[in-house]
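# Coordinate analysis (summary)
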Amino acid sequence: MLDTIKKLSGETLFLIVLGAGASFLFQWWAIAPMFVAIMAFLNPPAGRAFAAGFLAGSMCWGLYAAYLDSTNAGRLSGQIGKIFMGLSAAQLNYITATIGGLVGGFAATTGSTLRGLFAR
Amino acid sequence: MRFVRFILSAGTLAALLWALSTGFTIKGNTLPPLGAFFNPFSGFWQNAEANTAALGAIGGVIAPSANAHRIAGLKGKVSVSMDDLAIPHIFAENLEDALVVQGYLTASDRLFQMDISSRKSLGRLSELVGARTIEIDRQSYHKGLPLAVERAMAATKRSPESMRMLDAYVRGVNAYIANLTPAKYPVEYKLMNAAPELWTPERTLAVIEGMAESLVARNDDVENSQNLEILGSETYNLLFPRYNPDQTPIIKDHGQWKGMKVASPSASKSVGQDKRTGAAFPEGGNKIPREWDEQYHPERHEIRSGSNNWAVAGSKTATGKPMLSNDPHLSLTLPSIWYQVQIHTPEQNTYGVSLPGVPGVIIGFNEHIAWGMTNVSHDVGDFYRVKWLDAEKTKYASGAETKAADVRVVEIKVKGQNAVLDTLRITHLGPVLSTDTASAQCNLAYQWLPQMEPSPDLIMEFLNLNKAKNYDEYRSAIKHFDVPAQNFVFASTTGDIGITPQGKYPLRSAAAAEFVQDAATAGNGWTGFIPDEHIPFEKNSVRGYVYSANQHTTPPSYPYPYYGYFDDYRGRRLHHRLEALKQATPDSMASMQLDCHLQLVDDALPTMLKMLDTTKLDAAKMLLVNELRTWDGNYTRDSKLGILFELWHAAFYDATFEDFTAREGKGEKVVIPDNWVLYKLLRTNPNHAQFDNTTTPEKETAPMLVQQSFETAVTEYLKAQATGKGTWADFRATDIVHIARIPGFAKNVVTDGHPNALNANKSGHGPSWRMIVDLQDSIRAQGVYPGGQSGNPGSVHYDDMLQHWADGKYFESLFLKSADAQHARIRSILQFTN
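Model, not experiment: these values are computed from the prediction.

### Let's talk about the overall build of chain A
The helix and strand tally for chain A stands at five helices and zero strands. The linear arrangement of helices and strands in chain A, starting from the amino end, is α-α-α-α-α. Here the C-alpha coordinates of chain A stretch approximately 55 × 30 × 25 Å along the principal axes. Among the 120 residues that make up chain A, the fraction classed as buried is 48%. Once local pairs closer than 6 in sequence are excluded, the contacts in chain A between residues at least 24 apart make up 78%. Carbon together with sulfur atoms contributes 72% to the accessible area of chain A, which is approximately 5700 Å² in total.

As structure tokens, this is what we get:
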């Protein structure tokens, strides 16, 4: 169990660092190919891959958004929320984290199952 | 099994990415693709500027750095001091370089606004926004705006100096756009899933034409013709007099027009004045089309708010030096219509407000002079009824000739759907207003000043004014300014003051300006323009002041006919205040800009109260009457009696002119009489037939209507008090809308004022820039507009001047003398080089 948590944490951290780097440089979907490649390389079980991918994706997106929002004192998110049916800044942040998480999770699983195709 | 797991996983990922890349439409609203929009590395979160950085950066986009920003083509070094309001103070070695950097910085703050405001005149809004603006684009074509831009471009190309300055500004804007990554696009583009395109000289001219359009597009020809037809000339003359003898025109008659030889006999008033008989349509009957375009319909039931400017001579100020004041009343939007800037070169040091997209300063001051503008409300558009000779409506009669219309098919590109094709028919008098050959509007041609080729010096006029050092240079800078005609007010540190209602004024009879004409007999419409030397002006008036509030330019003794709009009360109030002014300071100027007294109250309330039969009122109503008797007529935000008077006036007006309101009720567009006409009738002829409602058997008189309307007003007033609309501020909100009407980006504030007070506030319209300049040897100024320098809703500078504006406060204008000038308000210095 502890071993799994350790591995999960390590993989997540790895994904976050490379995912954030790719996101700064490339398109919004940059974490998808990045996570596919990383998880194909690391080859964790599909379940753990999804967990690591989801955690990394949501943290990558959610934490960065939360940081930008905090330095802006919620000025912009309050106004964007009004356009989206009155969502609060926190709700916008959850949506952001969830999108990042889902893309990250399914990308990581795709990487892991892709590797699985070639496993002996 | 492994394969299935992979396919499931990869398939889900692919579906997710597709869904997140697609802009779905829900209930008619198209959402941006959510993946890109929510991604914090490139989506809307990137527009959430850090508050601390924003104090030093421009729009959060250009960070201050040790290295100079490079812009290709700069001839020298340019240094920019950014102040605490994010106002750039540009120091350049020459004007071209200054304009390059002005373009660059304006784009960094206002790119989306520049795009939207130029697209409107080009008929290209739908390309960016989608189907909901097709009608606006279509109207732009039918009013001839893209044609106007085309002609302005052709004219400007004939002036190498104008082109050089225009190109410099365009280069600056494009240098900014070229460096822009999608992550830094203005948030509106992200919402619309669009990208900015490169700026062009045509775009700048389109911004100018758009401004002209918003100032001189009003036209009452159709409604006036209808009124004349329905009312007959006697009633029409009574209810729509051309001149109010109580008003105070901008230019006083000092005998300067005696012996003036009028340029064209057909334009002289002796011919035009009595032609209010509808003679243009000898066939008589109901020949004026009743369907009309919203766009051309003046909102007559709401009082039009305009602008104020004035200059006072040293004889009226505490320092003995002149002062100048200007508050142009325009649409109040976020971002604001204006962008503050200081431009310093070896030849000039100029501060003021610019129009995003246009080089130079539009309203402002330099080390020697100050200037401001209000709109001249003289009508510069005419409608002509076209008699088509073929079913396709391509040929029409003009005198004995048959003329062919220039028929053009234009393509309006629409985001998310196929382009819309529209047919334009352009007669020698102007384009016709509808594509639909079955529509009555297809028979109306529109001759409109902005469609004419403008002066080639459109760009240089303001740039020359920016560096003018004295009265003569001011006059020379504006002498070819043609449209939209403006009352240019002036003051100098050497003590001169002046005002020039400068513009191009078509020569035609007053009747031609007022009514729809017959294209078949109208020849070329206008026979020319009022010659420059006959345009009125005033210099160093003996009154010690010059002023304008969009009222009549001249008294009736001026030999050319005038046909214009705007209620006169604001001008009269300003005149009173200026007459009484002594030992003026900037504070007394501010108190005039913020004056929320309604002159209409002085004109109407005493007579109304006198006519009221108080024996018929209960104690509660008597209490209100007594309060009204001592009311000061000031529309402050917490005023209650202001609501009561507003309701009483409206009810009395509607009861008196019920024949007009009944037509409005049927959906007709109706021009209604001015308020002063009503109260003059009330004072002079309370038994006039106009007060009788012809649909009732009883014969009503003015006192009866005054009584009834008071009862109605009190009922509504008490209802307002009971429903949380108890104060004037609750009763009418002051909304500042976003330029693309994005609801989340709008603001509302609580303000004093009334559309027809000097502080002419109403929702979405009002004092767009309040400026006061004290022309001491070392010039000092203060200004404020309802917004902020940044167009980014995520910036503190999006609305950091708004509350000050609402509260009637000003910011001192930081007028720096040199690039190395130190000041506590300077937050950062930016360098630009080739």
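Having seen the structure, we can now continue with the description.
### Notes on the sheet that holds strand 30 (residues 780-784) of chain B
Residue and element names in this part refer to chain B. In spatial order, the strands read 25-6-7-29-30-31; together these six strands make up an open sheet with antiparallel pairing. Two strands lie at the open edges of the sheet, namely strand 25 (545-548) and strand 31 (811-812), each paired on one side alone. As paired strands, strand 30 and strand 31 are joined by two bridges and run antiparallel to one another. Paired with Gly783 across the strands is Phe811, a residue of strand 31.

### Here's the deal with the pattern of salt bridges
Residues and elements named next belong to chain B. Enumeration according to the criterion identifies 33 salt bridges over all chains in this entry. Among the ionic pairs, Arg119 bridges to Glu127, the shortest N-O distance being 3.3 Å. By relative accessible area, which is 3% here, Arg119 ends up buried. Residue Glu127 is classed as partly exposed on the basis of its relative accessible area, which comes to 27%. A salt bridge links Asp603 to Arg683; the shortest N-O distance between them is 2.9 Å. Taken together, the positions of Asp603 in helix 18 (residues 599-611) and Arg683 in helix 22 (residues 675-684) put the pair 80 residues apart, joining distant regions of the chain. On the accessibility criterion, Asp603 (12% relative accessible area) is buried. For Arg683, a relative accessible area of 37% translates into the label partly exposed. One continuous salt-bridge network, built from bridges that share partners, spans Asp115, Arg119, Arg124, Glu127, Glu197 and Arg203.

### Side note on the interface of chain B and chain A
Listed per partner, the contact involves 43 residues of chain B and 43 residues of chain A. Roughly 3600 Å² is buried in total at the junction of chain B and chain A, and carbon and sulfur atoms are behind 73% of that figure. Three residues stand out in chain B for area buried against chain A, namely B:Phe38, B:Phe41 and B:Trp45, and they jointly supply 21% of the buried area on that side. The interface formed by chain B and chain A holds one salt bridge in total. For the pair chain B and chain A, the number of links is nine residue pairs in polar contact (both at pLDDT 80 or more). If you list the elements that add at least two residues to the side of chain B that touches chain A, you get helix 1 (2-20), helix 2 (34-38) and helix 9 (187-192) of chain B. For the side of chain B that touches chain A, the element with the highest residue contribution is helix 1 of chain B, accounting for 11 residues.

### Description of unusual backbone geometry
Residues and elements named next belong to chain B. The step from Leu334 to Pro335 runs through a cis peptide bond, and the omega angle for that step is -10°. Tracing the sequence through the fold places Pro335 in the loop between strand 9 (333-334) and strand 10 (339-345). Note that the residue after Val483, namely Pro484, is joined by a cis bond; omega there is -5°. Counting through the fold element by element, Pro484 comes out in the loop between helix 14 (471-478) and strand 21 (486-492). Even without being glycine, Asn540 reaches a positive phi, approximately 45°. By the element assignment, Asn540 lies in the loop between strand 24 (538-539) and strand 25. One non-glycine residue, Gln583, lies in positive phi territory at about 50°.

### Details of the sheet that holds strand 3 (residues 69-70) of chain B
Residues and elements named next belong to chain B. Strand order in the open sheet formed by 11 strands is 3-32-4-5-10-11-12-13-21-22-24, with mixed pairing between adjacent strands. Looking at strand neighbours, the two that pair on one side only are strand 3 and strand 24, the edges of this open sheet. Taken together, the six bridges between strand 21 and strand 22 (residues 497-502) define a ladder with antiparallel strand orientation. The partner of Phe488 across the bridge, within strand 22, is Thr500.

### Re helix 18 of chain B
Residue and element names in this part refer to chain B. In the structure, helix 18 departs most strongly from a straight axis at Leu605, where the bend amounts to approximately 30° and where the proline Pro606 lies between one and four residues downstream. Three or more residues of helix 18 are buried, namely Gln599, Leu600, Val601, Asp603, Ala604, Leu605, Thr607, Met608 and Leu609. Elements that come into contact with the buried residues of helix 18 comprise helix 16 (569-580), helix 19 (619-629), helix 20 (641-656), helix 22 and helix 23 (702-722).

### Regarding the packing of aromatic side chains
All names here are of chain B. One pass over the structure, following the stated rule, counts 46 aromatic pairs over all chains. With 6.0 Å between their ring centres and 20° between their planes, Trp728 and Phe731 make a pair best called stacked. With Trp728 and Phe731 both in helix 24 (residues 728-731) and three residues apart, this pair spans about one turn of that helix. Classification of Trp728 by relative accessible area gives buried; the value is 3%. Of the residues examined, Phe731 reaches a relative accessible area of 27% and is grouped as partly exposed.

### Considerations on the confidence of the model for chain A
When pLDDT drops low, the exact placement of atoms in the prediction is not to be read closely. Summing up the model confidence of chain A, the mean pLDDT is 91 and the portion of residues at 70 or higher is 99%. Of all the helices and strands in chain A, helix 1 (residues 2-25) of chain A carries the lowest mean pLDDT, 88, while helix 3 (residues 46-71) of chain A carries the highest, 94.

### Some thoughts on the environment of A:Phe14
Residue and element names in this part refer to chain A. Here Phe14 lies in helix 1. Judged by its relative accessible area of 36%, Phe14 falls in the partly exposed class. When the C-alpha atoms of Phe14 and Pro33 are compared, they prove to be 14 Å apart, with 19 residues separating the residues in sequence. With sequence-adjacent residues up to four places away left out, Phe14 is seen in contact with Ile38 and Leu42.

### Comments concerning the packing of helix 4 (residues 95-122) of chain B against helix 10 (residues 201-216) of chain B
The geometry of a pair of packed helices is captured by two quantities: the angle between their axes and the separation between those axes. All names here are of chain B. At their nearest, the axes of helix 4 and helix 10 sit 7 Å apart, and the two run at 75° to each other. The angle between helix 4 and helix 10 falls in the class roughly perpendicular. Here Met114, Asp115, Ser117, Ser118, Arg119, Lys120, Ser121 and Leu122 of helix 4 lie close against helix 10, whose contacting residues are Arg203, Ala206, Val207, Glu209, Gly210 and Glu213. Considered class by class, the residues forming the contact of helix 4 with helix 10 number four nonpolar, four polar and six charged.

### Quick look at the confidence of the model for chain B
All names here are of chain B. Across chain B, the average pLDDT comes to 89, with 92% of residues at or above 70. Of the regions scoring below 50 in pLDDT, residues 53-61 engages in 23 contacts with residues more than four places distant in sequence or in other chains. The low-confidence segment residues 270-274 (pLDDT under 50) makes six contacts with residues lying over four places distant or belonging to another chain.

### Quick look at the nonpolar core
Judged by nonpolar contacts, the single largest core of 205 residues is most densely connected at A:Val103, B:Trp338 and B:Phe832. A total of 13 residues in this core trace back to one element, the largest contributor, which is helix 4 of chain B. Ranked by size, the runner-up nonpolar core spans 52 residues in total, among them B:Leu239, B:Leu644, B:Val670 and B:Leu682.

### With respect to the pairing of strand 10 of chain B
Residue and element names in this part refer to chain B. Burial within strand 10 is extensive, with seven of its seven residues counted as buried. As judged from the three bridges shared by strand 5 (residues 88-91) and strand 10, these two strands associate in the parallel manner. From the neighbouring strand, Phe91 faces strand 10, where its bridge partner is His344. Summarising the sheet, strand 10 and strand 11 (residues 348-354) pair through seven bridges and their orientation is antiparallel. If you follow Tyr339 over to strand 11, its bridge partner there is Ser354.

Quick notes on the rules
Residues numbered from 1 in each chain as written. Chains lettered and ligands numbered in written order. Predicted model: local features only at pLDDT ≥ 70, side-chain atom pairs only at ≥ 80, totals over all residues. Heavy atoms only, no water. Helix = DSSP H or I, 4+ residues; strand = E, 2+ residues; numbered from the N terminus. Buried < 20%, exposed > 50% of the residue type's maximum accessible area, 1.4 Å probe, protein only. Contact = heavy atoms within 4.5 Å. Areas by Shrake-Rupley, 256 points an atom, 1.4 Å probe, with all protein chains shown as cover. Pairing = 2+ DSSP bridges. Salt bridge = Lys/Arg side-chain N within 4 Å of Asp/Glu carboxyl O. Buried area = accessible area lost by both parts, 1.4 Å probe. Polar contact = N/O pair within 3.5 Å; in protein donor to acceptor, adjacent residues only side chain to side chain. Bend = angle between axes of the 7 residues up to and from the residue. Phe/Tyr/Trp six-rings, centres within 6.5 Å; stacked < 30°, edge-to-face > 60°. pLDDT = per-residue confidence, 0-100. Axes fitted to C-alpha atoms, helices over the stretch in contact; angles between N-to-C directions. Parallel < 35°, antiparallel > 145°, perpendicular 65-115°, else oblique. Nonpolar A, V, L, I, M, F, W, Y, C, P; charged D, E, K, R; others polar. Core = buried A, V, L, I, M, F, W, Y, C linked by side-chain atoms within 4.5 Å.

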